[in-house]
Amino acid sequence: QVQLVESGGGLVQPGGSLRLSCAASGRIGSIDAMSWYRQAPGKLRESVAAITSGGNTTYADSAKGRATISRDNAKNTMYLQMNSLKPEDTAVYYCFALIRTIEVPRRGYWGQGTQVTVSS
């Protein structure tokens, strides 16, 4: 059984920074692409950033220049460093990963989400 657990959310002032983590655990064979999504109240879930197993990255326009996605393959962990945070970044942040296990071919898994609130 595979689990994704996010951490690092919280309350931060506008202009501040935070670093989210997403740790995968379980009987993991390999992890392909990993992504960060977010969902604000009353809005659809949207992509923030993604990273391939080889380290290639893509960002949503709203995150470009302010966010850095990275991963540590040895630790099965992904990170999202966000700087210059704005109130409109307030959302629940979710990680998503395409994971292969010994029993299950590649499929997507979601974390439970971590709340990020940007407010003075």
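Let me sum up the structure you'll find in this document. Fair warning: this is a prediction, and the values are worked out from it, not measured in the lab.

Scoring rules and cut-offs
Residues numbered from 1 in each chain as written. Predicted model: local features only at pLDDT ≥ 70, side-chain atom pairs only at ≥ 80, totals over all residues. Heavy atoms only, no water. Pairing = 2+ DSSP bridges. Helix = DSSP H or I, 4+ residues; strand = E, 2+ residues; numbered from the N terminus. Axes fitted to C-alpha atoms, helices over the stretch in contact; angles between N-to-C directions. Phe/Tyr/Trp six-rings, centres within 6.5 Å; stacked < 30°, edge-to-face > 60°. Buried < 20%, exposed > 50% of the residue type's maximum accessible area, 1.4 Å probe, protein only. Lys NZ or Arg CZ within 6 Å of the ring centre and 35° of its normal.

**Regarding the sheet that holds strand β8 (residues 77-82)**
By way of backbone hydrogen bonds, the strands of a sheet pair with one another, either parallel or antiparallel. The antiparallel open sheet is built from four strands, whose spatial order is β1-β3-β8-β7. Two strands close off the open sheet at either side, each with one partner strand: β1 (3-7) and β7 (67-72). Each strand of the sheet is rotated relative to its neighbour by a mean of 15°, with strand direction disregarded. Where β7 and β8 come together, six bridges link them in antiparallel fashion. In the sheet register, A67 faces β8, and the bridge partner there is M82.

**Comments concerning the packing of aromatic side chains**
Under the definition given, this model contains four aromatic pairs. Note on Y37 and F96: the rings are 6.4 Å apart at their centroids and 80° apart in plane angle, and the pair reads as edge-to-face. Here the residue Y37 occupies a position in strand β4 (residues 28-39), and F96 occupies one in strand β9 (residues 91-101), the gap between them amounting to 59 residues. Residue classification places Y37 among the partly exposed positions, given a relative accessible area of 22%. Classification of F96 as buried rests on a relative accessible area of 18%. A network of ring pairs unites the aromatic residues Y37, Y94, F96 and W110 as a single cluster. When the ring centre of Y94 is taken as origin, the NZ or CZ atom of R45, which lies over that ring, is 3.7 Å away.

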